[in-house]
Amino acid sequence: MKRADIAPFLTAISANNPTPQTELLYSTPFSLLVAVVLSAQTTDAAVNKVTPALFAEAPTPQTMAALGAARIGHHIRTIGLWQTKAKNVAALAQLLVERHNGVVPADREALEALPGVGRKTANVVLNEIFGQATMAVDTHIFRLGNRTGLAPGATVRAVEDGLVTRIPKSMLRPAHHWLILHGRYLCKARKPECWRCPGAQFCTFTPKTPAPDAL
DNA sequence: ATCCCGAGGG
DNA sequence: CCCTCTGGAT
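Let me begin by describing the structure that accompanies this report. Remember, predicted model here, so these are calculated numbers, not experimental data.

**Overview of the overall build of chain A**
Secondary structure assignment for chain A yields 11 helices and zero strands. Along its sequence from the N terminus, chain A presents helices and strands in the succession α-α-α-α-α-α-α-α-α-α-α. Expected size for 215 residues packed as a compact globule is a radius of gyration near 17 Å; at 19 Å, chain A falls within 12% of this value. Expressed as a percentage of the 215 residues in chain A, the buried residues total 45%. Within chain A, contacts between residues at least 6 apart in sequence are counted, and of these 57% link residues at least 24 apart. Total accessible area on chain A stands at roughly 11200 Å², and carbon and sulfur atoms take up 57% of it. Side-chain charges of chain A comprise 23 positive and 14 negative groups, with the mean position of each set lying 6 Å from the other.

Pasting the structure below:
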């Protein structure tokens, strides 16, 4: 049984979902990696508030390792899960120095061996920094892939494989941002706003939620 | 109240 | 598979 093509869905939702410029805010592989680790279960706004001062004081793995978990914690104490993240970032920086000469590895196994880096974070780094054909499946994209029928799967890996297989390699990076924003602001877990969804005609979700009655 | 641009541990 | 860690958004 043939599945619907993802391309028209992506084209439809791309119109109202601009691509964020993470690469401009975090210009080095190390700063992007740390920023992504800090972003787990936390909004970008909260992370972006603490990272400037943190990276001003410790822009490299060497300086970050020297900073230590306690002072890293002081910098990031306003974001969620900050105690765990401070510990992880300190250990992560230390491991980068010890094992990888202070260079962020372009290798999945090496990345996932770093504390605070799971599959989703590794996929973001591999895609954003090294241009590899990966799709970082978070809860939004997992839900959207299943709900729309465009990339159904019982596990994160199944959805990930479906998306990577069906989306052209050159489109994976913008598609990642469009799908996440679409899932967060429109195809929401609670009240998906199908009546204003530009991709509704390519989606198998039923029943599509109707527009609330006009006032 | 509930969920999340998760990961680690049991 | 389950749970916990946490602040913020809705």
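**Some details on the packing of helix α3 (residues 29–38) against helix α4 (residues 44–57)**
The description of two helices packed together rests on the angle between their axes and the distance between the axes. For the pair α3 and α4, interaxial distance at closest approach is 11 Å and the crossing angle is 140°. With respect to α4, the axis of α3 lies oblique. Between α3 and α4 lies a crossing whose hand is right-handed. Where α3 approaches α4, its residues S31, V34, A35 and L38 are matched on the opposing element by V47, T51, L54 and F55. A class-by-class count of the residues in the contact of α3 with α4 yields six nonpolar, two polar and no charged.

**Structural notes on unusual backbone geometry**
Look at Q41: it is not a glycine, yet its phi comes out positive at around 55°. Relative to the elements of secondary structure, Q41 occurs in the loop between α3 and α4. In this structure Q41 comes out as exposed when scored by relative accessible area, which is 76%.

Procedures and definitions
- Residues numbered from 1 in each chain as written.
- Chains lettered and ligands numbered in written order.
- Predicted model: local features only at pLDDT ≥ 70, side-chain atom pairs only at ≥ 80, totals over all residues.
- Heavy atoms only, no water.
- Helix = DSSP H or I, 4+ residues; strand = E, 2+ residues; numbered from the N terminus.
- Rg over C-alpha atoms; globule rule 2.2 N^0.38 Å.
- Buried < 20%, exposed > 50% of the residue type's maximum accessible area, 1.4 Å probe, protein only.
- Contact = heavy atoms within 4.5 Å.
- Areas by Shrake-Rupley, 256 points an atom, 1.4 Å probe, with all protein chains shown as cover.
- Lys, Arg positive; Asp, Glu negative; His and termini not counted.
- Charge placed at Lys NZ, Arg CZ, Asp CG, Glu CD.
- Axes fitted to C-alpha atoms, helices over the stretch in contact; angles between N-to-C directions.
- Parallel < 35°, antiparallel > 145°, perpendicular 65-115°, else oblique.
- Left-handed = near helix turned anticlockwise from the far one by under 90°.
- Nonpolar A, V, L, I, M, F, W, Y, C, P; charged D, E, K, R; others polar.

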